[in-house]
Amino acid sequence: MRYKRPDRKNALSIIQAAERDMKFTLTLPVSEGSSATVIRNIYESFRMLGDALLIEKGIKSEDHVMPIKEILSLKIDTKRPLNLIDNMRRLRHNINYYGYKPKIEEANEAILIAKSLFSPIVKKIKEQLK
């Protein structure tokens, strides 16, 4: 972890990029070939939201754990538990570093997680940044 100057403008820019990426990813058809990409992209969009929270506080993270922990610490009421995002982090790690081939069902579950958690998290973070 490295401390730097808090940057609200950069944080908002990262949130917008995460929203664009998520919107695009949710248009991708799910298949055996696309499952890994869908899961990676969904996870990455959540991670970017965590990065935005850290950047707004003036913290530069060195790994993926800190941004996800930052999201998990949000006081927010959602239809599904926030810790599903951390499960997705582990799944992405297995895909990237151990050659795990995700099932179509896992990609569909990631989509359901994104549809239920992403917008409320974005809304909460934007409220915090105001």
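Anything mentioned here points back to the structure above.
Read on for a plain summary of the structure. (Residues numbered from 1 in each chain as written. Predicted model: local features only at pLDDT ≥ 70, side-chain atom pairs only at ≥ 80, totals over all residues. Heavy atoms only, no water.)

**Description of the overall build of the protein chain**
Per the secondary structure count, the protein chain includes five helices and two strands. Reading the helices (α) and strands (β) of the protein chain from amino to carboxyl end gives β-α-α-β-α-α-α. The C-alpha radius of gyration of the protein chain comes to 14 Å, within 12% of the 14 Å expected for a compact globule of 130 residues. Each principal axis of the C-alpha atoms in the protein chain carries an extent, and together these give about 45 × 30 × 25 Å. Among the 130 residues that make up the protein chain, the fraction classed as buried is 43%. Residue pairs in contact within the protein chain that sit at least 24 positions apart in sequence constitute 74% of those at least 6 positions apart. Entry remark: accessible area of the protein chain is about 7500 Å², with carbon and sulfur atoms responsible for 51%. Put simply, the protein chain has 25 plus and 16 minus side-chain charges, and the middle of one group is 4 Å from the middle of the other. (Helix = DSSP H or I, 4+ residues; strand = E, 2+ residues; numbered from the N terminus. Rg over C-alpha atoms; globule rule 2.2 N^0.38 Å. Buried < 20%, exposed > 50% of the residue type's maximum accessible area, 1.4 Å probe, protein only. Contact = heavy atoms within 4.5 Å. Areas by Shrake-Rupley, 256 points an atom, 1.4 Å probe, with all protein chains shown as cover. Lys, Arg positive; Asp, Glu negative; His and termini not counted. Charge placed at Lys NZ, Arg CZ, Asp CG, Glu CD.)

**Overview of helix H3 (residues 65-72)**
Within H3 the residues assigned to the buried category are Pro67, Ile68, Glu70 and Ile71. For H3, the angular spread of buried residues about the axis comes to 155°, placing them on one side. Looking at the buried positions of H3, the neighbouring elements they touch are helix H2 (35-57), helix H4 (84-98) and helix H5 (104-129). (Arc of directions from axis to C-beta.)

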